[in-house]
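Breakdown of the fold
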Amino acid sequence: MKDHFARRALAVKRSAIRELLKLTEKPDIISFAGGLPDPETFPREELARIAADELRGHYRNVLQYGLTEGSLTFRQALLPWLRTQGLHLELGQLLVTTASQQGLDLLGKAFIDPGDVVFCDLPTYLGAIQAFSLFQADKVGVPLLEDGMDVDVLEERIREAKRAKKTLKAIYVIPDFQNPTGITTSWEKRKRLLEIARREDLLIFEDNPYGELRFAGEPIPSIRSMDTEGRVIMLVTLSKVLSAGLRLAVLIADGELMEVLVRMKQATDLCTSKLTQHLAARYFNECSIEDHLKELRVVYRGKRDAMVAALERYMPTDEGIIWTHPDGGLFLWVSLPEELDTDEMFPHTLEHKVAYVPGKAFFVDGTGHNTMRLSFSVSTEAEIDEGIRRLSAVVREELAAKRVGSVA
Ligand SMILES: Cc1ncc(COP(=O)(O)O)c(C=O)c1O
């Protein structure tokens, strides 16, 4: 039956994370693998009240089809919140999507022909790698430094791609508390990326699920908010700030780009659930998203602190093991000595009842064998401490085994 598949379907690899998550679902495992928001933070009472009211009182509307662009009520409700993020928008610049993963799919549909180049960080979000692979993009990785993408290497990769007569389409970035590393792109680099995009006539796909989860340091303006030409298309999801299950995001784009994206959306699913859009709209209109975000930041800061403290306490210090210290978001990133392979180590850590995501899956060039992503979002602070203790013990054992092996 293999001959029946479209080439693009075979270009998409299984998500290593989804496969791993199946193994880590056992209750006795402390999992730092999934990038899920903490379910205890979901505003369930408010949503339950609103849902009952909407379903009983407004069923003719909310159980019906809606506009492809998204419900006017929902888009209107989001505008003030987006303004607080420096995004001064009109309704027509917002396309509601079935969360931002669909936004990535629509970007692929609208802009990527087979072989078109999309530049992305090394490492980058696995779901974007998958979405762009579906359209057979040539994903060109650029190393990620402590302050964002290495723009000098980006310039080099652009020159190479042009010499090879490739079609250059876009730069994909997650400037705030990036998935998987937790790294934030500096203001200078955001400006540089925009300048490069202008000069080379590239689009920027700015994916921002975590920007509102800043618990330390000062906010940095989004690339979209600095853009005067409409070349930055931004994705803002509610998954990490309200609920992932509502499956809601907005894609921000202008003019002709937006027109084509709306057509892509129509062909994909006609419209996003009107019910969830209306639940969220009423949440934004009747409750305080700012108060909710304040609570989330306290929760995630506590967990980040617990993870960093545990890493400092338990990880061997003299082995060149390093980790990021994110100012927001849900993840941190650990680099182990070169001789360790986090794919190989994974079964061993599962035996010790702790899980992470091996880093390689996030690298479009197949590197990153000695890295891992740790999510601090769903475990309690006590579990984080115990999980990092177990993980560190495995790292020590693996290092000792490698060193004995290399002596022998
Ligand atoms: C960078 C990034 N983009 C997009 C997504 C997809 O999120 P959703 O489809 O729930 O909006 C995620 C989820 O973890 C993410 O980390």
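Just above, that's the structure.
In this report, we go over the structure that sits alongside the text. (Residues numbered from 1 in each chain as written. Predicted model: local features only at pLDDT ≥ 70, side-chain atom pairs only at ≥ 80, totals over all residues. Heavy atoms only, no water.)

Let us now look at the overall build of the protein chain. When helices and strands are counted, the protein chain shows 15 helices and 14 strands. Relative to the 2.2 N^0.38 estimate, which gives 22 Å for 408 residues, the radius of gyration of the protein chain is 22 Å and therefore close to what a compact globule would have. Considering only C-alpha atoms, the protein chain reaches an extent of 70 × 55 × 50 Å along its principal axes. Buried positions account for 56% of the 408 residues belonging to the protein chain. Within the protein chain, contacts between residues at least 6 apart in sequence are counted, and of these 77% link residues at least 24 apart. As displayed, the protein chain has an accessible area near 18100 Å², and 52% of this comes from carbon and sulfur atoms. Taking the average place of the 52 positive charges on the side chains of the protein chain and the average place of its 61 negative ones, the gap between the two points comes to 4 Å. (Helix = DSSP H or I, 4+ residues; strand = E, 2+ residues; numbered from the N terminus. Rg over C-alpha atoms; globule rule 2.2 N^0.38 Å. Buried < 20%, exposed > 50% of the residue type's maximum accessible area, 1.4 Å probe, protein only. Contact = heavy atoms within 4.5 Å. Areas by Shrake-Rupley, 256 points an atom, 1.4 Å probe, with all protein chains shown as cover. Lys, Arg positive; Asp, Glu negative; His and termini not counted. Charge placed at Lys NZ, Arg CZ, Asp CG, Glu CD.)

Let us now look at the pattern of salt bridges. Two side chains carrying opposite charge are able to pair once their charged atoms lie near each other. On inspection of all chains with the given rule, the structure shows 30 salt bridges. In this structure, K265 engages D269 in a salt bridge whose closest nitrogen and oxygen atoms are separated by 3.0 Å. Pair noted here: K265 and D269 are both in helix α11 (residues 255-269), with a separation of four residues, about one helical turn. On the basis of relative accessible area, D269 is assigned to the partly exposed category, the value being 26%. Linked by salt bridges that have partners in common, D152, E155, K162, R192, R199 and E200 make up one network. (Salt bridge = Lys/Arg side-chain N within 4 Å of Asp/Glu carboxyl O.)

Turning next to the packing of aromatic side chains. Applying the stated rule across the entire model yields nine aromatic pairs. Considering the side-chain rings of W333 and F362, the 5.9 Å spacing of their centres and the 80° angle between planes classify their relative orientation as edge-to-face. One end of the pair, W333, is in strand β11 (residues 331-335); the other, F362, is in the loop between β13 (357-358) and β14 (371-375), with 29 residues separating them in the sequence. The same class applies to W333 and to F362, which are both buried. Ring centres of W333 and F363 lie 6.1 Å apart, and the angle between their planes is 35°; on these two criteria the pair is classed as tilted. (Phe/Tyr/Trp six-rings, centres within 6.5 Å; stacked < 30°, edge-to-face > 60°.)

For residues other than glycine, phi is negative in most cases, and the peptide bonds are mostly trans. Residue L122 is joined to P123 through a cis peptide bond whose omega torsion reads 5°. With respect to the secondary-structure elements, P123 resides in the loop between β3 (117-122) and α7 (126-134). Geometrically, the link from N179 to P180 is a cis peptide bond, its omega value of 20° lying close to zero. Structurally, P180 can be placed in the loop between β6 (168-173) and α9 (187-200). Positive phi, normally seen in glycine, also occurs at K165, with a value near 60°. Mapped onto the elements, K165 comes out in the loop between α8 (151-163) and β6. Non-glycine residue D201 carries a positive phi angle of around 55°. Topologically, D201 is positioned in the loop between α9 and β7 (203-207).

Within strand β8 (residues 232-237), six of the six residues are buried, leaving the element largely enclosed by the surrounding structure. Burial of β8 is two-sided: the residues V232, M234 and V236 facing one way and the residues I233, L235 and T237 facing the other way are all buried. As paired elements, β7 and β8 share four bridges and run parallel to each other. Each bridged residue has a counterpart across the sheet, and for E206 the counterpart in β8 is M234. Summarising the sheet, β8 and strand β9 (residues 249-252) pair through four bridges and their orientation is antiparallel. For M234, the partnering residue across the bridge sits in β9 and is I252. (Pairing = 2+ DSSP bridges.)

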